[in-house]
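Per-entry structural report
Each chain, letter by letter, is given below.
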Amino acid sequence: MRWMATAGKCLLVLGLVLTGCVPVDRRGSDGEDTERGPLTLATAGDLTGYLGSVLGDWNREHPDEQVTLVQLPDSADETHAQMVTDLRRGERGRFDVLNIDVSWTSEFAAAGWLRPLARDRFPLKSFLRPVVDTATYDNRLYAVPYVTNAGLLLYRKDILAKEGVSPPRTWAELEEDAKTIAPKYELNGYAGQFLAYEGLTVNAAEAVYSARGSILGDEGKRVTVNSTAARQGIGFLARGVREGWIPRAALSYKEEESKQAFQDGRLLFLRNWPYAFASASAPGSPVAGKVGVVPLPGPDGPGRSVLGGSDLAVSAHARYPDTASRLIAYLTSEAVQRQVLTRGALPPVRASLYEDPDLVKKFPYLPILRSSVLHAAPRPKSPRYDQVSLAVQAAVQDALAGHQTAEAAVERLSRELHAVRTH
Ligand code: GLC
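Residues numbered from 1 in each chain as written. Predicted model: local features only at pLDDT ≥ 70, side-chain atom pairs only at ≥ 80, totals over all residues. Heavy atoms only, no water.

Some words on the sheet that holds strand β8 (residues 188-191)
The condition is simple: Think of it this way: DSSP has to see at least two bridges between two strands before they count as a pair. Starting at the N terminus, helices and strands are each numbered in turn, a helix being any DSSP run of H or I of at least four residues and a strand any DSSP run of E of at least two. Here the axes come from fitting lines to C-alpha atoms, over the contacting stretch only for helices, and the angles between their N-to-C directions go from 0 to 180 degrees. Between two residues, a contact is recorded if the distance between any of their heavy atoms is within 4.5 Å.
Ordered by their spatial adjacency, 4 strands build an open sheet running β8-β11-β7-β12, and the pairing between neighbours is mixed. Of all strands in the sheet, those with a lone pairing partner are β8 and β12 (291-295), marking the two edges. Across the sheet, the axes of successive neighbouring strands diverge by a mean angle of 15°, strand direction being ignored. In this structure, strand β7 (residues 152-156) lies alongside strand β11 (residues 267-272), joined through 4 bridges in antiparallel fashion. Bridge pairing in β11 links Leu 153 to Arg 271. Lying on the sheet, helix α9 (residues 255-263) is in contact with β7, β11 and β12; it crosses β11 at an angle near 155°. On the sheet, helix α14 (residues 366-375) packs against β7 and β12 and is oriented at approximately 30° with respect to β12.

Some points on the domain arrangement of the protein
Rules: These domain limits were set by an automatic method or by a database of domain assignments. The term buried area means the drop in 1.4 Å probe accessible area that two parts suffer when joined, counted for both and summed. By definition, a salt bridge exists where a carboxyl oxygen of Asp or Glu is found within 4 Å of a side-chain nitrogen of Lys or Arg. As used in this structure description, the phrase polar contact means that two N or O atoms lie within 3.5 Å; if the pair is within protein, one of them must be able to donate a hydrogen and the other to accept it, and residues adjacent in sequence are counted only when both atoms belong to side chains.
What the domain assignment reports for the protein is domain 1 (2-149 + 307-368) and domain 2 (150-306 + 379-422). Here the C-alpha centre of domain 2 lies 30 Å away from the C-alpha centre of domain 1. Taken together, the contact between domain 1 and domain 2 spans 24 residues of the former and 23 residues of the latter. A combined buried area of about 2000 Å² lies between domain 1 and domain 2, and 64% of that area is made up of carbon and sulfur atoms. For the pair domain 1 and domain 2, the interface holds 2 salt bridges. Where domain 1 meets domain 2, there are 6 residue pairs in polar contact (both at pLDDT 80 or more). Counting residues per element, the ones that place at least two in the side of domain 1 that touches domain 2 are α3 (76-88), α4 (105-110), β4 (136-137) and β13 (307-314).

Some points on the nonpolar core
We apply this condition: What makes a nonpolar core is a set of buried Ala, Val, Leu, Ile, Met, Phe, Trp, Tyr and Cys residues whose side-chain atoms join them at distances within 4.5 Å. Working definition: with a 1.4 Å probe on protein chains only, accessible area under 20% of the residue-type maximum means buried, over 50% means exposed, and in between means partly exposed.
Judged by nonpolar contacts, the single largest core of 133 residues is most densely connected at Met 83, Phe 108, Tyr 190, Phe 194, Phe 269, Leu 331 and Leu 417. Of all the elements, helix α15 (residues 385-401) adds the most residues to this core, at 8 residues. When residues are assigned to domains, this core turns out to be shared by domain 1 (2-149 + 307-368) and domain 2 (150-306 + 379-422), each giving three or more. Each residue touching Phe 108, except ones within four places of it in the same chain, is listed here: His 80, Met 83, Val 84, Leu 87, Ile 100, Trp 113 and Leu 114.

Concerning the packing of aromatic side chains
This is how it is decided: Note on aromatic pairs: the rings of Phe, Tyr and Trp (six-membered ring only in Trp) are paired at centre separations within 6.5 Å, and the planes decide the class, stacked below 30 degrees, edge-to-face beyond 60, tilted for the rest.
The tally for this structure, following the rule as stated, stands at 7 aromatic pairs. Summarising the aromatic geometry, the rings of Phe 236 and Trp 245 are spaced 5.5 Å apart at their centres and angled 50° between planes, so their arrangement reads as tilted. We note that Phe 236, like Trp 245, is buried. Ring geometry for Phe 277 against Tyr 365: centres 5.2 Å apart, planes inclined by 80°, an arrangement best described as edge-to-face.

Quick look at the site of the ligand
To be explicit about the condition: For this purpose, a residue is taken to be near a molecule or strand whenever a single non-hydrogen atom of the residue falls within 4 Å of it. In short, Shrake-Rupley with a 1.4 Å probe defines the accessible areas, and a residue's cover is counted only from the protein chains shown.
Every residue near the ligand is listed here: Asp 101, Asn 149, Tyr 197, Glu 198, Gly 199, Glu 255, Trp 273, Gly 308, Gly 309 and Arg 379. Contacts to the ligand include Asp 101, whose side-chain N or O atom sits 2.6 Å from an oxygen atom. Within the contact set of the ligand, an oxygen atom lies 3.0 Å away from a side-chain nitrogen or oxygen of Asn 149. Here the ligand, which alone exposes 310 Å², has 85% of that area covered by the protein. Within the residue set of the shell around the ligand, elements represented by two or more residues are α7 (198-210) and β13. Each of two domains, domain 1 (2-149 + 307-368) and domain 2 (150-306 + 379-422), supplies a minimum of three residues to the shell around the ligand.

Points about α14
Our working definition: The directions considered for the arc run from the helix axis to the C-beta atoms.
Taken as a whole, α14 has its buried residues at Leu 366, Leu 369, Ser 372 and Val 373. Projected onto a plane normal to the axis of α14, the buried residues spread over an arc of 125° and lie on a single side.

What about the side chain of Glu 206?
Summarising the element assignment, Glu 206 is placed in helix α7. One polar contact links Glu 206 to Arg 271, side chain to side chain, over a distance of 2.7 Å. One polar contact links the side chain of Glu 206 to the main-chain amide nitrogen of Val 306, over a distance of 3.0 Å. With sequence-adjacent residues up to four places away left out, Glu 206 is seen in contact with Gly 151, Arg 271, Leu 296, Arg 304, Ser 305 and Val 306.

In structure tokens form, the structure reads like this:
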């Protein structure tokens, strides 16, 4: 059966273009590579373990274009390091398609590691508006949005209901509830991802953006962080640790550790991505049925999330670029995007899915998520984003650990960002 399917496909395409079934010239008439064959797809840890089944479906349908999944660590920074090492190997690299964090596109594209993609091969118009920009650099498309993300506030709705309190909309309300209600139930108040890695950059940027500040302006050309808003945002988080309503343990949390603390019933409030809500609410979770979700709070009303997520890119040295593009088109198809949500609990990039009544019934947080994504702020777009993020992490970690005041940390960060920009 398997060979028949393959032979059938070869015959079918033979009349159109000579493709992977027989070794042919790699260049088609339009200058595009047309040869097809097996590939690797490298990605950060698949926290909800769904990607194997999605790729399994592709592999069954495409026996000559099998995709091997390469799972890198959970931490965005470690995945970044491993991808950079591989891409620097040029033709000797082993990653063909890369599921890159939305914040790496500029760096990877500027380094010449990614193959520019033809816009008309992908359904960009059907994606949520802000996501396409994360895949472009210098007005060219270097990746295709695959998963989006926005930070949300998870809270223990059983406890707030008992206390007759509605979920916090402002930092003052969050702080008050974390200080007064959490201890009554022997819980810690609030946590996010405060280990020094990309997650801390995200949490710090959200605090700054929520106070209407910014880190860099003009597409990364201007340092704007030295502001009252940044001092207020970083100061809010630092005060939480100092006063104990953010537990010190949170200084070692990434997504998974913070999710576990909430899911084990140790936290009243948690900032995390929506997958944590799905996981904490799933049958078997000790807090299933007790979890609510609202937009992130800010100083005087709803705050602003950072735009998260990942884009699919093709290595400049990918073995079969045509298969790579076809795989990306498949992974961003409406059917697979639906599975990204239903199997992976990850936010799809296709706008229509957020208004699908069946999905909204099953994932009641979709409207909040949609509006959080639409209002989310991108991380600074810079070919040196990795260095920008490292500077943010170091300064903010010192403020959170109490080694430096928020004011001093912001001033130092501003100086370091000027140095990153000018070197
Ligand atoms: C999530 C987001 C990603 C972000 C990372 C930080 O994976 O989707 O954009 O950089 O978390 O830890």
